[in-house]
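# Structural features, examined
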Amino acid sequence: MPTPPPHQPASRLRQILEKVDGRGYKAYNDIRGAWGLDHLTLVVDHVQGDPFAAPSRVRVFLTPEAARLPAHLLQSPPRTRGVAARLARAFAARAAQASRSMGSGRSGEIRMEAPGQEVLETTAVRITKDGEVEARFRVGLPARGRRILGKGCAELLLATVPELAWNSLRAEAFDAGDLLLHAETNEDADALRDELSGAGLVAFVADGAILPRRSGVDDRPLSSSQAVPFHSPDELRVTLPTPNGGPVTGMGIPEGVTLIVGGGFHGKSTLLRALERGVYNHRPGDGRERVVTNPDAVKIRAEDGRNVSSVNISPFIGTLPGGRDTRSFSTPEASGSTSQAAAIVEGLEVGASALLMDEDTSATNFMIRDRRMQVLVPREGEPITPFIDRVRDLHAELGVSSILVIGGSGDYLDVADTVIAMRDYQATDVTSRAREVARAHPTGRLPESPRPLREALAGARRVPLPESLESAASRGKRRMRLKVRGEDAITFGSEEIDLGAVDQLVSRCQTRAISEALLLAGRRVVDGTRSMSEVVDEVMAILEREGLDALGHGHDGDLARFRRHELAGALNRLRTLRSG
Ligand code: ADP
Ligand code: MG
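Notes on the structure follow. Note that residues are indexed from 1 along each chain, following the sequence as it is written. Chains carry letters from A onward and ligands carry numbers from 1 onward, assigned in written order. For a predicted model such as this one, the threshold for reporting local features is a pLDDT of at least 70, and the threshold for listing and counting side-chain atom pairs is 80 or more; totals across whole chains, interfaces and linings nevertheless cover every residue. Values reported for side chains reflect all heavy atoms of the structure, with hydrogen atoms and water molecules removed beforehand.

If a single non-hydrogen atom of a residue is within 4 Å of a molecule or strand, that residue counts as near it. Around ligand 1 sit 14 residues in total, of which Val228, Phe265, Lys268, Ser269 and Thr270 are the nearest. Think of a polar contact as two N or O atoms within 3.5 Å of one another; within protein, one of them needs to be a possible hydrogen donor and the other a possible acceptor, and neighboring residues in sequence only count if both atoms come from side chains. Within the contact set of ligand 1, a nitrogen atom lies 2.8 Å away from a backbone nitrogen or oxygen of Val228. A distance of 2.8 Å is found between an oxygen atom of ligand 1 and a side-chain nitrogen or oxygen belonging to Ser269. Each accessible area value is a Shrake-Rupley result obtained with a 1.4 Å probe; residue values ignore everything except the protein chains displayed when judging cover. Protein chains bury 77% of the 560 Å² of accessible surface belonging to ligand 1 in isolation. Per-class residue counts for the shell around ligand 1 are 6 nonpolar, 7 polar and 1 charged. Under the grouping applied here, Gly and all other residues not named as nonpolar or charged are polar, the nonpolar ones being Ala, Val, Leu, Ile, Met, Phe, Trp, Tyr, Cys and Pro and the charged ones Asp, Glu, Lys and Arg.

So this is what it looks like as structure tokens:
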């Protein structure tokens, strides 16, 4: 946790900057180290190679006396995380305003990773129990051409940056109640999520929640004039306690098999997406602050073209044409149905508690085979056991719930415990009506599960081999190439990992942290004896013990907490993955 390294006086930094003024860019290396200013310590960790490269990594530390964050804001980890996210948002916004071009390339740029709608533990701003604040960001050290602009740099580091820190990292920089709201909202969300399993629920959507977003690329809430607030059906309404907000009412989605039905454009996918994101907390004003989902709920979708490595998809897909066994199935280019089957088995492998699926992103032949198709194409000619014939066993045998958006196939009414209908963005409970319909209109469909699920999954212990990660690392290089593009792609040595279909990855900083975690897994964890779930367990345990700074350079500001499921998602999509 934050504690600034021993530092030298700021006057010394000023002298050095005067001395290196006009010299070549490399001379900036002289300002590496820690510098003490009045109330804060400035640390230059890494100096960029030239003014066009990624800006230099810088930190500031504020003493508890300077930050003056009241103790009650920091009395629990979720409170502290809520406050840290608020400070980071403030710092990032002010940094963007304070940035201005001071010369060539990125000279004068100041940039912190701004948190999105989700409140994640990140390395951008961290606060200790006793209220010391550390902020990590990047500064483009100014130059004209490759000549150092020492005066400009002194102004930037000794005036602009301290002012920025002063105006965004102290309690007094915020309106009364602002930080408290962030602390309490975040603590309440954790508390609500903790209530779920005791109440027999997979998810909870509070009355009044705003689920729709502005657009596919804008995750902020739809404006209040356009959005219809969520209102629970009476049959599903539950009341859960929160430490700060008192009792909260809303829709509880029970464990078991739940369908979300309704006509097109009535809000089904919007509800499911809110549930996907309910594994994370949300910032005040997001609309989903009190939408919480079991922390191990995993979104499953079809992803044709993805790589699959030695996955036992036999519970869903039996022997393929040509007699190809599917108990250890590999392909560089999965179909819709095989990719969806693999995603489920991979999810179960690392402890998924619930599966979330939307027909919009599912393979039809994976979800259902109706009566007529069963007659036309006999069982022997169809390797797929459709999900409808496994969904009940998933819950009965493994305790894994499913929440499915199904607008098109009434056959699913036979297997549902709960049916929620969306109409004009309003949820109603149509479970008993669905039972009547199922009785009155039998489908004539024959169940197709050939073997019990547990038996079909047995012996599926996959052990990733060390070469999986080594072969991707470019040999002979000092440090392998590691890059992320947005949330959705990782360059891992010679390999590109496409994470576009890993829907519960919500920030670039998570993706960055996962890319580093893969590197760590290759160095410290994957040993050819640990299974996939043991590998993931161990990486998560290291992060628990050592914190996010176990990743990257040790003081990066662009790392965020991720779940085991998204880490496994990345490892499973690595095309060089080989298992024994
Ligand atoms: P479906 O999956 O049922 O076809 P969607 O969830 O995709 O429907 O929603 C269709 C449109 O309605 C989307 O543009 C979405 O933003 C909007 N929408 C969804 N829920 C609400 C709501 N509660 N209030 C206002 N608009 C909504
Ligand atoms: Mg939809």
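There's plenty left to go through after this.
The element helix H6 (residues 268–277) is extensively covered by neighbouring structure, given that 8 of its 10 residues are classed as buried. Relative accessible area decides the class of each residue, using a 1.4 Å probe on protein chains only: under 20% of the type maximum gives buried, over 50% gives exposed, and in between gives partly exposed. A run of H or I in DSSP becomes a helix once it reaches four residues, and a run of E becomes a strand once it reaches two; helices and strands are each numbered from the N terminus. Within the span of H6, buried status applies to Lys268, Ser269, Leu271, Leu272, Ala274, Leu275, Glu276 and Arg277.

With that settled, the discussion passes to the coordination of the magnesium ion (ligand 2). A donor here means an N, O or S atom no more than 2.8 Å from the metal, or no more than 3.2 Å when the metal is Na, K or Ca. Since water is not included, a site may seem to lack partners. Bound to the magnesium ion (ligand 2) on the protein side are Ser269 (OG) and Asp360 (OD), at distances that span 2.1 to 2.3 Å. One end of the pair, Ser269, is in helix H6; the other, Asp360, is in the loop between strand S22 (354–358) and helix H8 (364–367), and 91 residues separate them in sequence. Given a relative accessible area of 15%, Ser269 falls into the buried group.

The criterion is simple. A nonpolar core is a set of buried Ala, Val, Leu, Ile, Met, Phe, Trp, Tyr and Cys residues joined through side-chain atoms within 4.5 Å. Judged by nonpolar contacts, the single largest core of 57 residues is most densely connected at Ile31, Leu69, Leu87, Val125, Phe137 and Leu169. One finds Leu259, Val308, Ala363 and Val391 within the second-largest nonpolar core, a separate group that totals 43 residues.

Attention shifts here to empty space enclosed by the protein. Of the two site types, the cavity is a set of points on a 1 Å grid over the protein atoms alone where a 1.4 Å probe fits but cannot get out, and the pocket is an open set with protein on both sides within 12 Å along at least five of seven lines, each lined by residues with an atom within 4 Å of a point. Grid points are joined across faces, edges and corners, and a volume is the space filled by probe spheres set on the points. Enumeration according to the criterion identifies 1 cavity of 30 Å³ or more in this entry. For the largest cavity, the calculated volume is near 210 Å³. It is helix H16 (residues 564–573) that provides the largest number of residues to the lining of the largest cavity, a total of 6 residues. Of the residues that constitute the lining of the largest cavity, the class distribution is 7 nonpolar, 5 polar and 6 charged. Domain assignment of the residues forming the lining of the largest cavity places at least three in each of domain 2 (196–460) and domain 3 (467–572). For each domain, the first and last residues come from an automatic or database assignment.

This paragraph deals with the sheet that holds strand S18 (residues 291–293). When DSSP locates at least two bridges between a pair of strands, those strands are taken to pair. Taken together, 4 strands build an open sheet; the order of strands is S14-S15-S11-S18 and the sheet is antiparallel. In this open sheet, the two strands that pair with only one neighbour each are strand S14 (237–240) and S18. Across the sheet, the axes of successive neighbouring strands diverge by a mean angle of 35°, strand direction being ignored. Looking at chain direction, strand S11 (residues 201–206) and S18 are connected through 3 bridges and run antiparallel. From the neighbouring strand, Ala203 faces S18, where its bridge partner is Thr293. Contact definition: two residues touch when any of their heavy atoms are within 4.5 Å. Convention adopted: a line fitted to C-alpha atoms gives each axis, helices being fitted over their contacting stretch, and angles between N-to-C directions are expressed from 0 to 180 degrees. With respect to the sheet, helix H5 (residues 178–196) is in contact with S11, S14 and S18, its orientation differing from that of S18 by roughly 45°. The strands touched by H6 within the sheet are S11, strand S15 (248–254) and S18, with S11 carrying the most contacts at an inclination of about 115°.

One side-chain nitrogen of Lys or Arg within 4 Å of one carboxyl oxygen of Asp or Glu is enough to make a salt bridge. Tallied over the full model, the rule gives 55 salt bridges. Between Arg524 and Glu546 there is a salt bridge, and its shortest N-O distance comes to 2.8 Å. Residue Arg524 is located in helix H14 (residues 508–525), and its partner Glu546 is located in helix H15 (residues 532–546); the two are separated by 22 residues in the primary sequence. In this structure, the salt-bridge partner of Glu566 is Arg563, at a minimum N-O distance of 2.9 Å. Connected via shared salt-bridge partners are Arg57, Arg106, Glu109, Arg111, Glu113, Arg508, Arg512, Glu516, Asp556 and Asp558.

This next bit is on the pairing of strand S23 (residues 401–405). A regular strand carries its side chains on alternate faces of the sheet. By the criterion of burial, S23 is predominantly enclosed, with 5 of the 5 residues buried. Covered by surrounding structure in S23 are Ser401, Ile403 and Val405 together with Ser402 and Leu404, the residues of both alternating faces. Bridge analysis of S22 against S23 gives 5 bridges, and the strand direction is parallel. From the neighbouring strand, Met357 faces S23, where its bridge partner is Leu404.

This brings us to the layout of surface pockets. Approximately 700 Å³ is the volume found for the second largest pocket. Every residue lining the second largest pocket is counted, 28 residues in all, and those nearest its centre are Ala54, Arg138, Arg512, His553 and Asp558. For the lining of the second largest pocket, the secondary structure elements donating two or more residues are strand S8 (133–139), strand S26 (482–485) and H14. Ranked by residue count, the leading element in the lining of the second largest pocket is H14, at 4 residues. When the residues that make up the lining of the second largest pocket are grouped by side-chain class, the tally is 8 nonpolar, 6 polar and 14 charged. When residues of the lining of the second largest pocket are sorted by domain, at least three fall in each of domain 1 (8–174) and domain 3 (467–572).

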